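# Structural overview for review
If you want the building blocks of each chain, they are given just below.
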Amino acid sequence: MTTNRPHASTVERVPLRSALHNLPAYKPGKVAAVSGTTQYKLSSNENPYPPLPSVRDVVAEAAAGINLYPDMACAEITEAIAKRWDVPAASVSFGAGSVEVASQIIRAVAGEGDEVVFAWRSFEAYPILTGLAGAKAVHVPLTADERHDLPAMAAAVTERTRLIFVCTPNNPTGTSVTADELHAFMAAVPEDVLVVIDEAYVHFNVDAAAAQGIDFFRTYPNVVVLHTFSKAYGLAGLRIGYAIAPDYISTALRAVAIPFGVSALAQKAALASLDAEDEIEARITSLVTEREMLHAELLSIGWDVCPSEANFVWLRTGEATQELETVFTEAGVIVRAYPGDGIRISVGTPEANRQAVQAAKAAFNRLAAER
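My aim in this report is to walk through the structure given alongside it, one point at a time.

Moving on, we come to the overall build of the protein. From N to C terminus, the protein includes 12 helices and 12 strands. For the protein, the C-alpha radius of gyration of 21 Å lies close to 21 Å, the compact-globule estimate for 371 residues. Each principal axis of the C-alpha distribution contributes one length, and for the protein these read about 70 × 55 × 50 Å. Relative to its 371 residues, the protein shows a buried fraction of 52%. Considering only intrachain contacts with a sequence separation of at least 6, the fraction spanning at least 24 residues in the protein is 72%. Approximately 17,200 Å² of the protein is accessible, and the part contributed by carbon and sulfur atoms is 55%. Each charge class in the protein can be summarised by its mean position, and for the 29 positive and 43 negative side chains these summaries are 7 Å apart.

In structure tokens form, the structure reads like this:
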């Protein structure tokens, strides 16, 4: 005789944390889904170019030692970053991508009953990481031109605020914060509130007026700067990012970091990338040129698209977002859709970008036909 009892693995015998009940899920960029057609994956903010030969060679050599644990202190790359930015080595700490370092910061600073403030829409990991720490996420809407509303963010600070994220250039809108705006913001924020300047896309920012996080780290005692090797350096698959922070914050980040979280391959690749910055800069210049082309083409089609200082562009598509995502997919372009808000298109190879322009034209025509 058989019974229809639930499988043991489906019965929740161990109570889960309440924070998990309403936690939004992180949604990675979709991959190509239609077989038999040429498709371009522009749904993740990846560098479309393959690793530099010099970096690939270093990784191949380092692969011979993957039976050994990596240097948990990341000593060699720490010294290189400290020299690169002329900061004390004690101010530099690493994690498996800047998102993991952001998680370290939240865990070190915010807990139950505390608040973490950030613009919205911004990097979708912020509310997830905040919720996992048991803290409250405070979303401050962007301005009408898709930028951080820094006065509103300052006004959102309460006695429970422990941490503020300023993502510049902002993911997914690509807009950046000016130095003057950020100085005014810092003057309005109490010194016991940590301000994290998340610069994952800073290498693509060519706005002369834009804030430079390192300048603010040197000026204010409550600033942390986040950088990553995933975007401009093209090491997204190896996961390595870092924070430049006051020494006591860096010590706390190392304390909460996952032991051996940054692989030896990632550390060696990051070092090799720093040695190849002239080649990296040439690729950045190419991507910025393609971004400007993509922006101009979208404007000529009729899209009201804001200038971007990142390696992607943003279409505010509102309630039509999921319908228009399908149009892009059918045209051979996989984009990142944020239902109810918009579509982010990463800058790819010239061929991919030309295809994206054609897909955007089809999407615009679909939208116009329905109005």
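Further notes follow.
For the rest of this paragraph, the subject is the packing of aromatic side chains. All chains considered together, the criterion is met by 12 aromatic pairs. Their ring planes at 85 degrees and their centres at 5.5 Å tell us that Phe123 and Tyr126 sit as a pair that is edge-to-face. Each of the two residues, Phe123 as well as Tyr126, counts as buried. Note on Phe216 and Tyr220: the rings are 5.8 Å apart at their centroids and 15 degrees apart in plane angle, and the pair reads as stacked. For Phe216, a relative accessible area of 1% gives the class buried. Cluster of aromatic residues (ring-pair linked, three or more members): Phe118, Trp120, Phe123, Tyr126 and Phe165. The positively charged end of Arg84 is found above the aromatic ring belonging to Trp85, 4.4 Å away from the centroid. A cation sits over an aromatic face here: Arg336 above Tyr338, 4.3 Å from the ring centre.

Definitions and cut-offs
- Residues numbered from 1 in each chain as written.
- Predicted model: local features only at pLDDT ≥ 70, side-chain atom pairs only at ≥ 80, totals over all residues.
- Heavy atoms only, no water.
- Helix = DSSP H or I, 4+ residues; strand = E, 2+ residues; numbered from the N terminus.
- Rg over C-alpha atoms; globule rule 2.2 N^0.38 Å.
- Buried < 20%, exposed > 50% of the residue type's maximum accessible area, 1.4 Å probe, protein only.
- Contact = heavy atoms within 4.5 Å.
- Areas by Shrake-Rupley, 256 points an atom, 1.4 Å probe, with all protein chains shown as cover.
- Lys, Arg positive; Asp, Glu negative; His and termini not counted.
- Charge placed at Lys NZ, Arg CZ, Asp CG, Glu CD.
- Phe/Tyr/Trp six-rings, centres within 6.5 Å; stacked < 30°, edge-to-face > 60°.
- Lys NZ or Arg CZ within 6 Å of the ring centre and 35° of its normal.

By themselves these figures say nothing about function.
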